[in-house]
Amino acid sequence: MGTEETETPQQQQQRRPAARHRARRRPAAPRIGSLELLVVGMVLLLAGRQWLAGWFTAPAVQAWATVFVAICVQAVPFLVLGTVLSAAITALVPAGFLQRALPKRAVLAVPAAGLAGAVLPGCECASVPVADGLIARGVAPAAALAFLLSAPAINPVVLTATAVAFPGHPEMVLARFAASLGTAVVVGWLWARFGRPEWLRPSAWRERSADEGRWTAFRGAFAHEFLHASGFLVIGGITAATLNVVVPRQWLGGVAQVPGVSLLVLALLAVVLAVCSEADAFVAASLSAFPLAARLAFMVVGPMVDVKLVAMQAGTFGWKFAWRFSATTFTVAVAASALAGWWLA
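Criteria and cut-off values
- Once a new chain begins, its residue numbering starts again from 1 and follows that chain's sequence as written.
- With pLDDT at 70 or above as the cut-off, local features in this predicted model cover only qualifying residues; side-chain atom pairs require 80 or more to be listed or tallied, and sums for whole chains, interfaces and linings still use all residues.
- Calculated side-chain values reflect all of the structure's heavy atoms, with hydrogen atoms and water omitted.
- Secondary structure follows DSSP: runs of H or I at least 4 residues long count as helices, runs of E at least 2 residues long count as strands, and numbering of each begins at the N terminus.
- Per-residue accessibility, obtained with a 1.4 Å probe over protein chains only, is compared with the maximum for each type, and a residue is labelled buried under 20%, exposed over 50%, and partly exposed between these values.
- Salt bridges are defined as contacts in which a side-chain nitrogen from Lys or Arg sits within 4 Å of a carboxyl oxygen from Asp or Glu.
- On a scale of 0 to 100, pLDDT captures the predictor's confidence in every residue.
- Whether two residues are in contact is decided by their heavy atoms: any pair within 4.5 Å suffices.
- What we call a nonpolar core is a set of buried Ala, Val, Leu, Ile, Met, Phe, Trp, Tyr and Cys residues that are connected through their side-chain atoms within 4.5 Å.
- Any N or O atom pair separated by 3.5 Å or less is treated as a polar contact, with the protein-specific requirement of one donor-capable and one acceptor-capable atom, and with residues adjacent in sequence counted only for side-chain atom pairs.
- Classification of ring pairs rests on two measures: the distance between centres of Phe, Tyr or Trp rings, Trp counted by its six-membered ring, which must be within 6.5 Å, and the angle between planes, read as stacked under 30 degrees, edge-to-face over 60 and tilted in between.
- Cavity and pocket criteria rest on a 1 Å grid covering protein atoms alone: a 1.4 Å probe that fits but cannot get out defines a cavity, protein on both sides within 12 Å along at least 5 of 7 lines defines an open pocket, and an atom within 4 Å of a point defines a lining residue.
- Grid points are joined across faces, edges and corners, and a volume is the space filled by probe spheres set on the points.
- Gly counts as polar in this scheme, as do all residues outside two lists: the nonpolar Ala, Val, Leu, Ile, Met, Phe, Trp, Tyr, Cys and Pro, and the charged Asp, Glu, Lys and Arg.

Novice: Explain the overall build of the protein residue by residue, including any values.
Specialist: A count of helical and extended segments in the protein gives 18 helices and zero strands. For the protein, the residues scored as buried account for 44% of the 345 residues in total.

Structural data, given as structure tokens:
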């Protein structure tokens, strides 16, 4: 005799929804990720290497590859060092460290937070969640935002990379430090004076779970930051190499010789490229047709305003904050770069 015949009507009614639920739980379809796409791309390149060999030996392509590889090889050590230090801070430094160290008054807390960015290295990818956590812990928003801008722009790794990328121009390191710190402090003061609480929507900050070890937190932070930063480095290297090979030298030279236009062009380019701050000095150094002031603007604006950061700020604090903050920061950064560039000239 079947099971359904021995069951009561109530038992059959309870069993049918469960059976329908089990029927709906089908195995998820396999998803194609970045690793699979990388393997497929490598297989296609190996299969078609005979047809592509002639194209890769073209002089223009070889010149492009030389510039691209040079940028990446120079930048990768600093990129690794920066992400290691940033991940160590994420895993080891208590969240309330800056709150205890900063003055209570926003007028004094803003420059103090800006200077704290010089000793707490990290890329701009990590600065947004760190600032969110500081605000949630009670740090004045103006001070947290000043730290958000200064940390990826004036930390030791970035300044050392700038010195290596511009040998023979030590004034570039000082100019970058002064212009970036000045921008962070001025924007922080502007927020303290004109910012409105309704523009800022800090998300709920979450503690690291108690069962998550420090080594696990370090590995997770390092993998996340390095993968993001290396991807932006590749994009910046590709763009810089393309500009050096594809764009006619006459056009590039014509734009580069107009002081105001060249500075604004590289500032806007920094917004679009979204190169990691630990690697942007090498990209700026490769744009040798532009004057030092314009390349300085590229390095000052990039760590503070780019398409990646605007999206992260909007997702964390809301669009009302993101577009106001980004527009203000861009304007102040360009002005600070022009002032520092006048000193360089």
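Novice: Go over the pattern of salt bridges, please, and point to the residues and values.
Specialist: A complete count under the given rule lists two salt bridges for this structure. When the shortest N-O distance is used, the salt bridge between Arg176 and Asp280 registers 2.9 Å. Taken together, the residues Arg176 in helix H11 (residues 170-194) and Asp280 in helix H15 (residues 280-286) connect sequence positions 104 residues apart. Across the salt bridge formed by Asp306 and Lys308, the nearest N and O atoms sit 3.2 Å from each other.

Novice: Break down the confidence of the model for the protein for me, with residues and values.
Specialist: Should pLDDT be low for a region, the predicted coordinates there are not to be read in detail. For the protein, mean pLDDT is 78; residues scoring 70 or higher make up 72% of the total. Ignoring residues within four places in sequence, the model shows residues 18-25, a span with pLDDT below 50, making zero contacts including any to other chains. Predicted confidence for residues 204-208 stays below pLDDT 50, and this span has eleven contacts to residues more than four positions away or in other chains.

Novice: Tell me what's going on with the nonpolar core, and back it up with residues and numbers.
Specialist: Side chains of a nonpolar character, in soluble globular proteins, are inclined to be buried together. The biggest cluster of nonpolar side chains holds 81 residues, and the ones touching the most others in it are Leu148, Leu296, Phe298, Met299, Val301 and Phe317. At eleven residues, the largest contribution of residues to this core is made by helix H9 (residues 141-154). Ignoring anything within four residues of it in the chain, the contact list for Met299 reads Thr162, Phe166, Met172, Arg176, Asp280, Ala281 and Ala284. Within the second largest apolar cluster, five residues are counted, among which are Ala91, Ala217, Phe218 and Ala221.

Novice: Provide a residue-level description of the environment of Asn155, including the pertinent values.
Specialist: Turning to its location among the elements, Asn155 is positioned in the loop between H9 and helix H10 (156-165). Side-chain polar atoms of Asn155 contact the backbone nitrogen of Val158, separated by 3.0 Å.

Novice: An account of the packing of aromatic side chains is needed here, citing residue identities and associated values.
Specialist: Per the stated rule, a full pass over the model turns up seven aromatic pairs. Geometrically, the ring pair formed by Phe218 and Phe222 is stacked, given 6.4 Å between the ring centres and 15° between the ring planes. Here Phe222 and Phe218 lie together in helix H12 (residues 214-245), a separation of four residues that amounts to about one turn. Judged by its relative accessible area of 24%, Phe222 falls in the partly exposed class.

Novice: Any details on H10? Residues and values, ideally.
Specialist: The complete set of buried residues in H10 reads Val157, Val158, Leu159, Ala161, Thr162 and Ala165. Structurally, the start of H10 carries an N-cap: the backbone nitrogen of Val157 is 3.0 Å from a side-chain oxygen of Asn155.

Novice: Give a detailed account of the layout of surface pockets, specifying residues and quantitative values.
Specialist: One number sums up the size of the second largest pocket: a volume of about 210 Å³. Along the wall of the second largest pocket there are 14 residues; nearest its centre are Pro259, Pro291, Ala293, Ala294 and Gly341. If you list the elements that add at least two residues to the lining of the second largest pocket, you get helix H14 (259-273), helix H16 (292-301) and helix H18 (319-344). When its residues are assigned to classes, the lining of the second largest pocket shows eleven nonpolar, three polar and no charged.

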